[in-house]
Amino acid sequence: MRANKFNKTGLPFLILETSVGSRKSTQALGAPGKPIPYMSFPRPTETSKFSELRLKALPEPGLQGRHQFQNVAGAIAVSQLLPERLCPDERAIRAALRRIHLAGRYERIDPQSTQVDFEVILDVAHNPDGARVLARTLEEHDIRGKTYVLLGVMQDKDIKTMLKTLAPVVDVWLLSTPHTERAMVPSALHALLKTTAPAAKGYATLDIAAAWNRAKSMLTEHDRLVVTGSFYTVAEVRCLTATI
């Protein structure tokens, strides 16, 4: 990370250099299931120079995915640029890492709240970058059964690249459409899947509720359902799970 200043305003800003997935990044920031060995951050002083805050053996952040280590590092660094009365100390940082939660970002839904046997994961990935992160995170969390993806996506997105990116980690697709005119219709989405990944197994469903019901009839306790493609899609499934 580098600290710098805007030329015109003189306000500090940080550039978070990411190299997610590289061996160097993993060694520096830790890995899922293990505490973070250390982090060091610039801290502003009265002379406008930066001293160093060094944190050792931080707890693993309560967010899934290796990329979240980089995001956490950036958030902590920014927090150290706040006025002293607002700047969190080490104790607050450790507590926040344990409690942190981000809805719709590889969010695991409590099985008891859905009354289904399989795992449900909500992720609002709606572009190729989000799809790449989701695919990588799914690979990091292997399961005994199959991975089903309930996908509903907007027409103006790079859907072909998203499908191609996710295909290697998906066993069965449930293709649907949320209630918005911007969404691609299931038949068109199914046709695009077949041209992008001919060997893929997919089903087109009328709407998100129908896709959810189909998932309940197909998945076993060893499988997982990943709901993704759009905020709209995730929101509709969240409502369905909340009313069961």
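Anything mentioned here points back to the structure above.
The numbering scheme is per chain: residues are counted from 1 as the chain's sequence reads. With pLDDT at 70 or above as the cut-off, local features in this predicted model cover only qualifying residues; side-chain atom pairs require 80 or more to be listed or tallied, and sums for whole chains, interfaces and linings still use all residues. By convention in this description, side-chain values take in all heavy atoms of the structure and omit both hydrogens and water.

> Before we go on, may I ask you to explain the sheet that holds strand E10 (residues 224-228) in this structure?
The pairing of strands in a sheet happens through backbone hydrogen bonds and is either parallel or antiparallel. Think of it this way: DSSP has to see at least two bridges between two strands before they count as a pair. Only DSSP runs of H or I reaching four residues or more are called helices, and only runs of E reaching two or more are called strands; each is numbered from the N terminus. If you walk across this open sheet you meet the six strands as E5-E6-E10-E7-E8-E9, and the pairing is mixed. Only two strands of the sheet have a single neighbouring strand rather than two, namely strand E5 (107-109) and strand E9 (202-204). Taken over all neighbouring pairs, the strand axes of this sheet differ in orientation by 20° on average, direction set aside. Sheet analysis places E5 next to strand E6 (residues 119-122), joined by three bridges and oriented antiparallel. When the bridges of E6 are listed, Arg 108 appears paired with Ile 121. All axes are obtained by fitting lines to C-alpha atoms, using only the stretch in contact for helices, and the reported angles, taken between N-to-C directions, cover 0 to 180 degrees.

> I tried to follow helix H9 (residues 231-242) on my own but got confused; where do I start?
Multiplying one less than the number of residues by 1.5 Å gives the expected span of a helix. Over its twelve residues, H9 runs 16 Å from end to end, which matches the ideal 16 Å to within 8%, given 1.5 Å per residue. Throughout this description, buried means an accessible area under 20% of the type-specific maximum (1.4 Å probe, protein chains only), exposed means over 50%, and partly exposed covers the range between. Listed in full, the buried residues belonging to H9 are Thr 233, Val 234, Glu 236, Val 237 and Thr 241. Looking down the long axis of H9, one finds its buried residues gathered within 165° of arc, a one-sided arrangement. Structural note: H9 exposes Cys 239 and Ala 242 on the side pointing more than 90 degrees away from its buried face. Pairs of N or O atoms within 3.5 Å make up the polar contacts considered here, provided that, within protein, one atom can donate a hydrogen while the other can accept it, and that residues adjacent in sequence are counted only when both atoms are side-chain atoms. The residue sitting at the N-terminus of H9 and contributing the capping side-chain oxygen is Ser 230; that oxygen lies 3.0 Å from the backbone nitrogen of Tyr 232. Within this analysis, the arc is defined by the directions that extend from the helix axis to the C-beta atoms.

> For this particular structure, what's the right way to read the packing of helix H5 (residues 128-140) against helix H6 (residues 159-166)?
Packed helices, taken two at a time, are described by the angle between their axes plus the distance between the axes. For the pair H5 and H6, the least separation of the axes is 9 Å and the interaxial angle reads 10°. When the axis of H5 is compared with that of H6, the two are roughly parallel. When H5 is examined against H6, the residues Pro 128, Ala 131, Arg 132, Leu 134 and Ala 135 are found in contact with a partner set consisting of Thr 161, Met 162, Thr 165 and Leu 166. Following the grouping adopted for this structure description, the nonpolar residues are Ala, Val, Leu, Ile, Met, Phe, Trp, Tyr, Cys and Pro, the charged ones are Asp, Glu, Lys and Arg, and the polar ones are all others, Gly among them. Here the residues of the contact of H5 with H6 sort into six nonpolar, two polar and one charged. Roughly parallel covers angles under 35 degrees, roughly antiparallel covers those over 145, roughly perpendicular covers 65 to 115, and oblique covers all other angles. Any two residues having at least one pair of non-hydrogen atoms within 4.5 Å are treated as being in contact.

> Help me understand the pairing of E6 in this model?
Because side chains alternate across E6, one face comprises the buried residues Glu 119 and Ile 121, and the other comprises Val 120 and Leu 122, equally buried. In the sheet, E6 pairs with E10 via four bridges, with the strands oriented parallel. Following the sheet pairing, Glu 119 is matched in E10 by Arg 224.

> Explanation requested: helix H3 (residues 90-99) in the structure shown.
Along an α-helix, residues three or four positions apart point the same way, because every turn accommodates 3.6 residues. Every buried residue of H3 is accounted for by Ile 93, Arg 94 and Leu 97. The buried residues of H3 occupy one face: seen down the axis, they fall within an arc of 100°. Residues of H3 that are exposed and point over 90 degrees away from its buried face: Arg 91, Arg 98 and Arg 99.

> When you look at the pairing of strand E8 (residues 172-175) in this model, what are you seeing that I'm missing?
Residues in a regular strand project their side chains so that they alternate between the two faces of the sheet. The alternating pattern of E8 places Val 172 and Leu 174 and Trp 173 and Leu 175 on opposite faces, both of which are buried. As defined by bridge partners, strand E7 (residues 147-151) adjoins E8 across four bridges and the pair is classed as parallel. Across the sheet, the residue bridging to Val 149 is Trp 173, located in E8. Of the crossover connections in this fold, the one passing from E7 over H6 to the parallel E8 is right-handed. Direction of pairing for E8 relative to E9: parallel, over a ladder of three bridges. Its bridge partner being in E9, Leu 175 is matched across the sheet by Ala 204. Crossover connection from E8 via helix H7 (residues 186-196) to parallel E9: handedness right-handed. Consider the strands pointing away from the viewer: the crossover is right-handed when the path from the first strand over the helix to the second runs clockwise.

> When you look at the side chain of Ser 176 in this model, what are you seeing that I'm missing?
Along the chain, the position of Ser 176 falls in the loop between E8 and H7. The exposure class assigned to Ser 176 is buried, which follows from its relative accessible area of 0%. Of the polar contacts made by the side chain of Ser 176, one reaches the backbone oxygen of Asp 207; its length is 2.7 Å.

> Could you clarify how one ought to interpret the nonpolar core in this entry?
A general tendency of soluble globular proteins is for nonpolar side chains to be buried together. In these notes, a set of buried Ala, Val, Leu, Ile, Met, Phe, Trp, Tyr and Cys residues joined through side-chain atoms within 4.5 Å is what counts as a nonpolar core. Counting 24 residues, the largest nonpolar core has Leu 134, Leu 138, Leu 151, Leu 166, Trp 173, Leu 189 and Leu 193 as its most contacted members. Those elements giving two or more residues to this core turn out to be H5, E7, H6, E8 and H7. Counting residues in each nonpolar core, the second largest holds 19 residues, with Phe 118, Ala 211, Ala 215 and Val 237 among its members.

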